[in-house]
Amino acid sequence: MALVILDEQLESMQLSEAVRQKALQKAKEGYVMTLLEVGEITSGRAGKILGISRSEVIEMMKKWGISLFDDSQTLDELRQEVEQAELVLNQHNY
């Protein structure tokens, strides 16, 4: 699926290729960050789409004001996730 931006005012602007590419990259970044924010994709998938590392995605999330954590989780759900992660880590250490 290609990302297409249709807007008469934008289409009529005469831009250099460098400016056009920079604007398209920023639009792609915004689109991907929105998908990440609403939970449609993971940070790993965002990194693949944008061609950057997961740590760079995390830095970008900070810039966009996107939480690293699922804000919809209750404290008990978060505790359960942490406990499950600890069990997995402990299993791999033995």
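Quick summary incoming for the structure in this document. (Residues numbered from 1 in each chain as written. Predicted model: local features only at pLDDT ≥ 70, side-chain atom pairs only at ≥ 80, totals over all residues. Heavy atoms only, no water.)

1. Description of the packing of helix H3 (residues 43-50) against helix H4 (residues 54-64)
Packing of H3 against H4 leaves a shortest axis separation of 8 Å and a crossing angle of 100 degrees. Considered as vectors, H3 and H4 are oriented roughly perpendicular to each other. Across from Ser43, Gly44, Ala46, Gly47 and Leu50 in H3, the residues of H4 making contact are Arg54, Val57, Met60 and Met61. Within the contact of H3 with H4, the residues separate by chemical class into 5 nonpolar, 3 polar and 1 charged. (Axes fitted to C-alpha atoms, helices over the stretch in contact; angles between N-to-C directions. Helix = DSSP H or I, 4+ residues; strand = E, 2+ residues; numbered from the N terminus. Parallel < 35°, antiparallel > 145°, perpendicular 65-115°, else oblique. Contact = heavy atoms within 4.5 Å. Nonpolar A, V, L, I, M, F, W, Y, C, P; charged D, E, K, R; others polar.)

2. So, the nonpolar core
Formed by Val32, Met33, Leu36, Ile41, Ala46, Leu50, Val57, Met60, Met61 and Ile66, the largest nonpolar core amounts to 10 residues. Those elements that provide at least two residues to this core are helix H2 (17-37), H3 and H4. (Core = buried A, V, L, I, M, F, W, Y, C linked by side-chain atoms within 4.5 Å. Buried < 20%, exposed > 50% of the residue type's maximum accessible area, 1.4 Å probe, protein only.)

3. Remarks on H3
Regarding H3, the residues found buried are Ser43, Ala46, Gly47 and Leu50. Considered in projection along H3, the buried side chains sweep an arc of 100 degrees and stay on one side of the axis. Buried positions along H3 lie against H2 and H4. The positive-phi residue at the C-terminal boundary of H3 is Gly51, with phi of around 70 degrees. (Arc of directions from axis to C-beta.)

4. Things to note about the pattern of salt bridges
Think of it this way: side chains of opposite charge can pair up when their charged atoms draw near. By the definition in use, this model includes 3 salt bridges. The residue Glu29 makes a salt bridge to Lys63 at a minimum N-O spacing of 3.0 Å. Of this pair, Glu29 sits in helix H2 while Lys63 sits in helix H4, placing them 34 residues apart in sequence. In this structure Lys63 comes out as exposed when scored by relative accessible area, which is 56%. Residues Lys62 and Glu59 are paired through a salt bridge, measuring 3.2 Å at the closest nitrogen-oxygen approach. Of this pair, Lys62 and Glu59 both sit in helix H4, 3 residues apart, which is roughly one turn of that helix. Note on Glu59: relative accessible area 48%, which makes it partly exposed. (Salt bridge = Lys/Arg side-chain N within 4 Å of Asp/Glu carboxyl O.)

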